[in-house]
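# Residue-level structure breakdown
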Amino acid sequence: MKKVKRKFNSLTALLLTFLFLTSCSGEEVNNRAFVQLMGLEKVQGIYNVYIQFFNAQGSSTSPDISKSNSSYASGSGTTIYDALSDAETHTGKSLFLGHIKLIILGNGITSPADDLSVFLDGTISPSCPAVYCSSPESIAQTLTEEGIFSADSILKTMDTYVKNGKCIYTDIASIEESIRCYNAAEPLPIIRSDGEKISFSGAVLAGSNGIYGKIPEDEILGLHFLNTNIKSDDNIVISIHHNEKNASVKIIKSSVKKTASIKDGKLKIDADINIKFRITENSDNLSEKRISELLCRNIQDYCVSAFSSSVWSDGCDLFDIAKLIRCDCPAS
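Cut-off values and rules
Residues numbered from 1 in each chain as written. Predicted model: local features only at pLDDT ≥ 70, side-chain atom pairs only at ≥ 80, totals over all residues. Heavy atoms only, no water. Helix = DSSP H or I, 4+ residues; strand = E, 2+ residues; numbered from the N terminus. Buried < 20%, exposed > 50% of the residue type's maximum accessible area, 1.4 Å probe, protein only. Contact = heavy atoms within 4.5 Å. Areas by Shrake-Rupley, 256 points an atom, 1.4 Å probe, with all protein chains shown as cover. Phe/Tyr/Trp six-rings, centres within 6.5 Å; stacked < 30°, edge-to-face > 60°. Salt bridge = Lys/Arg side-chain N within 4 Å of Asp/Glu carboxyl O. pLDDT = per-residue confidence, 0-100. Pairing = 2+ DSSP bridges. Axes fitted to C-alpha atoms, helices over the stretch in contact; angles between N-to-C directions. Core = buried A, V, L, I, M, F, W, Y, C linked by side-chain atoms within 4.5 Å. Parallel < 35°, antiparallel > 145°, perpendicular 65-115°, else oblique. Nonpolar A, V, L, I, M, F, W, Y, C, P; charged D, E, K, R; others polar. 1 Å grid on protein atoms, 1.4 Å probe; cavity = no way out; pocket = protein on both sides within 12 Å on 5 of 7 lines; lining within 4 Å. Points joined across faces, edges and corners; volume = space filled by probe spheres on them.

## Structural notes on the overall build of the protein chain
Across its full length, the protein chain holds 9 helices and 12 strands. Taking all 332 residues of the protein chain together, 39% fall into the buried category. Considering only contacts in the protein chain between residues 6 or more positions apart, those separated by 24 or more positions represent 64%. In the form shown here, the protein chain has an accessible surface area of approximately 17800 Å², with 51% of it arising from carbon and sulfur atoms.

## Regarding the packing of aromatic side chains
The geometry of an aromatic ring pair is captured by two quantities: the separation of the ring centres and the angle between the planes. Overall, the coordinates contain 4 aromatic pairs when judged by the stated rule. Relative to Phe96, the ring of Phe34 has its centre 5.4 Å away and its plane inclined at 65°; by these criteria the two rings are edge-to-face. Here the residue Phe34 occupies a position in strand E1 (residues 32-43), and Phe96 occupies one in strand E4 (residues 94-96), the gap between them amounting to 62 residues. With relative accessibility at 14%, the residue Phe34 sits in the buried group. By relative accessible area, Phe96 is classed as partly exposed at 26%. On the basis of an interplanar angle of 25° and a centroid distance of 5.4 Å, the ring pair of Phe307 and Phe319 is categorised as stacked. Of this pair, Phe307 sits in helix H8 (residues 288-313) while Phe319 sits in the loop between H8 and helix H9 (321-328), placing them 12 residues apart in sequence.

## Some words on the pattern of salt bridges
On inspection of all chains with the given rule, the structure shows 7 salt bridges. We note a salt bridge from Lys101 to Asp152, for which the minimum N-O separation is 2.7 Å. Separated by 51 residues along the polypeptide, Lys101 in the loop between E4 and strand E5 (102-105) and Asp152 in helix H5 (residues 150-163) bring together distant segments of the chain. Residue Lys101 is classed as partly exposed on the basis of its relative accessible area of 22%. Note that Glu177 is salt-bridged to Lys323, the shortest N-O span being 3.9 Å. Taken together, the positions of Glu177 in helix H6 (residues 172-182) and Lys323 in helix H9 put the pair 146 residues apart, joining distant regions of the chain. Its relative accessible area of 30% is what places Lys323 among the partly exposed residues.

## Some thoughts on the confidence of the model for the protein chain
Per-residue confidence for the protein chain gives a mean pLDDT of 85; residues scoring 70 or more make up 85%. Taking the mean pLDDT of every element in the protein chain, the minimum, 45, falls on helix H1 (residues 2-30) and the maximum, 97, on strand E6 (residues 130-132). Confidence drops under pLDDT 50 across residues 1-27; counting only partners more than four residues distant or on other chains, this segment forms 0 contacts.

## A few points about helix H7 (residues 217-227)
Taking burial as the measure, the 11 residues of H7 include 8 buried ones, the bulk of the element. Turning to H7, its buried residues are Glu219, Ile220, Leu221, Gly222, Leu223, His224, Phe225 and Leu226.

## Looking at the sheet that holds strand E12 (residues 266-281)
If you trace the 3 strands from one edge of the open sheet to the other, you get E10-E11-E12, paired in antiparallel fashion. Sheet topology places strand E10 (237-242) and E12 at the edges, where each strand pairs with a single neighbour. Neighbouring strand axes in the sheet, compared pairwise and without regard to direction, differ in orientation by 50° on average. Here 6 bridges tie E10 to strand E11 (residues 245-263), and the two strands are oriented antiparallel to one another.

## Some points on the nonpolar core
In terms of nonpolar packing, the biggest core is built from 33 residues, with Ile51, Leu84 and Ile103 touching the most fellow members. Ignoring any residue separated from it by four or fewer positions in sequence, one finds Ile103 in contact with Met38, Leu116, Ile124, Cys128, Pro129, Ala130, Val131 and Ile172. Ala185, Ala203, Leu295 and Val311 belong to the second-largest nonpolar core, a separate cluster that totals 29 residues.

## Remarks on the packing of H7 against H8
Orientation of H7 relative to H8, taken along the N-to-C sense of each, is 100°, at an axis distance of 7 Å. Between H7 and H8, the angle falls in the class roughly perpendicular. Across from Asp218, Glu219, Leu221, Gly222, Leu223, Phe225 and Leu226 in H7, the residues of H8 making contact are Ile299, Tyr302, Cys303, Ser305, Ala306 and Ser309. When the residues that make up the contact of H7 with H8 are grouped by side-chain class, the tally is 8 nonpolar, 3 polar and 2 charged.

## Details of the layout of surface pockets
Approximately 440 Å³ is the volume attributed to the largest pocket. Taken together, 18 residues form the lining of the largest pocket, with Leu226, Ala271, Ile273, Gln300 and Cys303 sitting closest to its centre. Put simply, the parts of the chain that give the lining of the largest pocket at least two residues each are E12 and H8. Class assignment for the residues of the lining of the largest pocket results in 13 nonpolar, 3 polar and 2 charged.

Okay, here's the thing in structure tokens:
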């Protein structure tokens, strides 16, 4: 009987401990504001942060997805964490940044690597996408009418633009590496809001000199071909025009291999792009060979334009040129 009683008491203690821990955990969750996206700008030496956080309509365990489940808050301070602390007082809850899905950089950010590095201690995922908006507050204030997270809706919109070759992903770790390791830069997609819907158009450059320059939307496709591998689940369609005849093709697959060489003191960058495509429309009966030639010419134009805008016009390395030189021309 004694053994049975000891086992019962032990089991009771375990159950009480479990209930205590779950109770504390639930209380902790209710006292936290889970930030979904954050905008950041600097005005006359003062940081402004704009956050969108999860705010369940209904119970925290079963939110009403017919309503917006996001709320907005802002804060200001002489440092980023001072501004976040100020925003925290407006939410009435402790901010949790580990769930941030999007960083929006605004004007006045003169050292993107320094400002983003404060989050690379594990506070925010290094793969968190970063974008640019002249008014990051407008993005944080754009709340979907229904659904759990407004940030999820924004990322789905961004993913659609990326798959169509009109936008490109950049994460905070890539910005840090490009600026600190290679004195290069990364493209920041430009995000806009009309108060209800989000859209993307072109990109700016994030480098050691801050945020500057601009890559038009029609040159973003050049970045895709020069920097990324296009996959079959993407939806990049290119129009072909020749002597008033038209066709369109869908890029099924694309890969690029870049090499660097130096001859007579001149640097040469070669980009070999392999493309697999499917003709989606050809009512004017252009030959497949002609379509292939025109497609290659179009892609070359996209790449040259993107290279010219970033490298020649803005003096910015978006194409891993520094990495290529270290790998292919170590003596230089």
